[in-house]
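The lines below spell out each chain.
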Amino acid sequence: MQPLKITAVLQDGRIAGVDPYFPLDSIMAAEWMRRNHPEAYYNASSHLLTNDMIIPDLPLERIGGGEDWYFACSFNTIPPISEYVMHWHKRFDDQLEQHIDFAGKRGKVDIKSGKNKAYRMPLVVQLFDRLEWFAVGDLEAVQDLVLGITHLGKKSSQGLGAVNYWTVEEWPEDWSFVRDGKLTRAIPIGHGFPVGVQVAKMALYGIRSPYWHTENQMVCMMPEVLQRD
Amino acid sequence: MSNSIRLDGKITLLSPLSHIGESSGIDSFLSTDTVIGMDGRPLEVFTYSGNAFRGQLRDLGASYLTEKLGNIKYSPELFYLLFSGGSLGGAQSVDIDQARMYRRNIPLLSVFGGGVGNQILTGKIKVGAMYPLTEECQRIIPEHLRDENAPSWKQWTFDKSFTRMDDAKNENMRKYLTGSETDGLAIAGQVEADSKKKKKEDPPQQMRYTVEMLAAGAVMYQRIDLCDLSDLELGAFVSALTKLSEHAYIGGKSGTGHGLVDIEYTWRKAGQKDSEGTFLKISSDCLWLSEPAEEAKKTYDQFLVALYDRYLEDNAPELTKLLTGGK
């Protein structure tokens, strides 16, 4: 295990998501699941993962023990260039209605409400030229794992978050949780302030994947909101 | 063939493309998006939505499937799932067996994904936007397509005006209008009353409107990632493009010949830089398939024939229930 810097250079820069953190350990966990548990990845929704949690065996160092351990991997440390709202649309294909069998009943489809409702959904898109993370792990294994990740963030099915290429390199310092006296990831408050950190905002946040899962969320010291100079 | 591949598409417009983003009165403008340029700054550029093309491919794939199944009619729920991706909701709990059953019987659904009950079937395809090979997109497109002298995308657009005629005002056509003076069946007095009522209620039919378009000859790049596809699923994807080749139009106003395209996809294994050659080509409405694409489609066609036979013989109750909604 050694300190690493991991960079994802994006294709067009667009990533859908409301915060700029994009924890790499979570992204790698999804890729690990795809490779090692494809049945669960493709056939079970997140509900199943909750009921029968699979802990990914990532090539990253683990910090802490008990319930509040986390991987030695920072959040994204590059601030977004800009942010905007795009819309995606979904509609009932009424031009193809000849394929519907209404079973002799009155064929009425409500596209204003209910399950067939037409959508114009807003989506927060952040623009980055690249994302950078710092971690402590096995360089070759991390390289192998990230090479399988083609997209980041939400709505990858529509091409958002496409990665052009990855680089993984040795790094002289461990910046997986602190860099120049500033936090680079969420750290459980019970772990105390890392050396050199004087102040941090508190928030209820996940510490390992799945980050949305309440069992993985606790009061944490948070990294500062990323802003461009 | 690796089960995870990337397609690099080159799309050439043979007629102007309409893909509306915003409208202002009678003027409609091309859809634009913000991307990162060569200097790292955000730029606005025309993009053809990946979601739009994905939706078109889903429709075409579902139409292909439906034809092969003897133009079967579906329950409204299954129709919505196949053609629009379904919707989430209802009390159904997570059911892995059901998810497997859907994937096994309908490879197309496995490729494009969908919502069944409160369960999401993850798709296996990521359809990127189409980017014009212009100055603004040099960072986005592959190296072999880059050109430092490429023009701005704005130089590839133009405004095209259309006229919608109100034939009721055409003297040569009026004779076909019920209640016209030449209509012998018109009831006296009714014509005038109808005419007054019409003036109050009907919006004007005749109009002139303008649509911003991308010029014919424009070339775009598109990236599609296919992840963990079986041969059957790859065949389902190829079937959608096969159907597209019958009527190779994208975007709006195809009824007036807009959006006709030539498409060529080259392919490479996931994580590799070098191309394995052409995967599929649609040119002048003709389809050319590479050997792996041809093989995958053949496998899929054989699967659909077997599926149809099983359905006809009614020896697959789960399939019958699936296709007919339990009738």
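Residues numbered from 1 in each chain as written. Chains lettered and ligands numbered in written order. Predicted model: local features only at pLDDT ≥ 70, side-chain atom pairs only at ≥ 80, totals over all residues. Heavy atoms only, no water.

Chemist: Let's hear about the pattern of salt bridges: which residues, and what values?
Modeler: The full count for this structure, using the stated rule, is 19 salt bridges over all chains. The closest approach of N and O atoms between Asp228 of chain B and Arg34 of chain A, which form a salt bridge, is 2.7 Å. Here the residue Asp228 of chain B occupies a position in the loop between β11 (219-226) and α7 (231-246), and Arg34 of chain A occupies one in helix α1 (residues 24-36), the pair thus bridging two chains. A residue is classified by how much of its surface remains accessible, and Asp228 of chain B, at 17% relative accessible area, is buried. The partner of Asp8 of chain B in a salt bridge is Arg268 of chain B, and the shortest N-O contact between them spans 2.8 Å. A residue pair is termed long-range when its members are at least 10 positions apart, and Asp8 of chain B in strand β1 (residues 5-13) and Arg268 of chain B in strand β12 (residues 261-269) qualify at 260 residues. Using a relative accessible area of 10% as the deciding quantity, one classes Asp8 of chain B as buried. (Salt bridge = Lys/Arg side-chain N within 4 Å of Asp/Glu carboxyl O. Helix = DSSP H or I, 4+ residues; strand = E, 2+ residues; numbered from the N terminus. Buried < 20%, exposed > 50% of the residue type's maximum accessible area, 1.4 Å probe, protein only.)

Chemist: Lay out the side chain of His19 of chain B in plain terms, naming residues and giving numbers.
Modeler: Residue and element names in this part refer to chain B. Looking at the secondary structure, you find His19 in the loop between β1 and β2 (20-24). Residue His19 is classed as buried on the basis of its relative accessible area, which comes to 13%. Polar contacts involving the side chain of His19 include one to the main-chain amide nitrogen of Ser49, which spans 3.2 Å. Discounting chain neighbours no more than four positions away, the residues touching His19 are Phe29, Leu30, Ser31, Phe46, Thr47, Tyr48, Ser49 and Ala52. (Polar contact = N/O pair within 3.5 Å; in protein donor to acceptor, adjacent residues only side chain to side chain. Contact = heavy atoms within 4.5 Å.)

Chemist: Which residues make up α1 of chain A, and what values go with them?
Modeler: The terminal C-alpha atoms of α1 of chain A lie 18 Å apart, and with 13 residues this matches the ideal 18 Å at 1.5 Å per residue to within 8%. All of the buried residues in α1 of chain A are Leu24, Asp25, Ile27, Met28, Ala29, Glu31, Trp32, Met33 and Arg34 of chain A. (Expected span 1.5 Å × (residues − 1).)

Chemist: Which residues make up unusual backbone geometry, and what values go with them?
Modeler: For the bond from Ser209 of chain A to Pro210 of chain A, the omega torsion is -10°, close enough to zero to count as cis. Secondary-structure assignment places Pro210 of chain A in the loop between β12 (201-206) and β13 (217-222). With phi around 50°, Asn71 of chain B is a residue other than glycine that occupies positive phi space. One can find Asn71 of chain B in the loop between α1 (50-68) and α2 (76-84).

Chemist: Give a detailed account of the sheet that holds strand β7 (residues 130-137) of chain A, specifying residues and quantitative values.
Modeler: Residues and elements named next belong to chain A. Pairing within the open sheet is antiparallel, and its three strands lie in the order β7-β1-β8. The outermost strands of the open sheet, each flanked by one partner alone, are β7 and β8 (163-170). Each strand axis lies, on average, 20° off the axis of its neighbour in the sheet, ignoring direction. Here strand β1 (residues 2-10) pairs with β7 via eight bridges, running antiparallel. The residue bridging Pro3 from the neighbouring strand is Val136, located in β7. Those strands touched by helix α4 (residues 139-146) are β1, β7 and β8, and its axis lies near 175° from that of β8. (Pairing = 2+ DSSP bridges. Axes fitted to C-alpha atoms, helices over the stretch in contact; angles between N-to-C directions.)

Chemist: Mind laying out the side chain of Asp262 of chain B, listing which residues take part and the relevant values?
Modeler: Residue and element names in this part refer to chain B. Take Asp262: it is sitting in strand β12. The buried charged residue Asp262 lacks any salt bridge partner; its closest oppositely charged side chain belongs to Lys281, at an N-O distance of 9.0 Å. Among the polar contacts made by the side chain of Asp262, one reaches the side chain of Ser283 at a distance of 3.4 Å. Leave out the neighbours within four places in its chain, and Asp262 touches Lys10, Ile11, Thr12, Leu14, Ile282, Ser283 and Ser284. (Lys, Arg positive; Asp, Glu negative; His and termini not counted.)

Chemist: Now, about the interface of chain B and chain A: what can you tell me, with residues and values included?
Modeler: With 53 residues of chain B at the interface, the matching set in chain A holds 49 residues. Buried surface at the junction of chain B and chain A, both sides included, amounts to about 4100 Å², of which 49% is carbon and sulfur. Our count for the contact surface shared by chain B and chain A stands at two salt bridges. Elements that contribute at least two residues to the side of chain B that touches chain A include exactly β4 (32-36), α1, α2, α3 (96-105), β7 (119-121), β8 (125-132) and β11 of chain B. Here the side of chain B that touches chain A is composed, by residue class, of 21 nonpolar, 17 polar and 15 charged. (Buried area = accessible area lost by both parts, 1.4 Å probe. Nonpolar A, V, L, I, M, F, W, Y, C, P; charged D, E, K, R; others polar.)

Chemist: Which residues make up a nonpolar patch on the surface, and what are the values?
Modeler: All names here are of chain A. Nonpolar side chains collect at one region of the surface, where Ile189, Phe193, Met202, Leu204 and Val219 lie side by side and expose about 470 Å² of accessible area between them. If you trace the backbone, Val219 turns up in strand β13. We classify Val219 as partly exposed; its relative accessible area is 41%. (Patch = residues over 30% accessible without salt bridge, like charges linked within 9 Å, V, L, I, M, F, W, Y side chains within 5 Å. Areas by Shrake-Rupley, 256 points an atom, 1.4 Å probe, with all protein chains shown as cover.)

No statement about biological role is implied by the geometric values presented.
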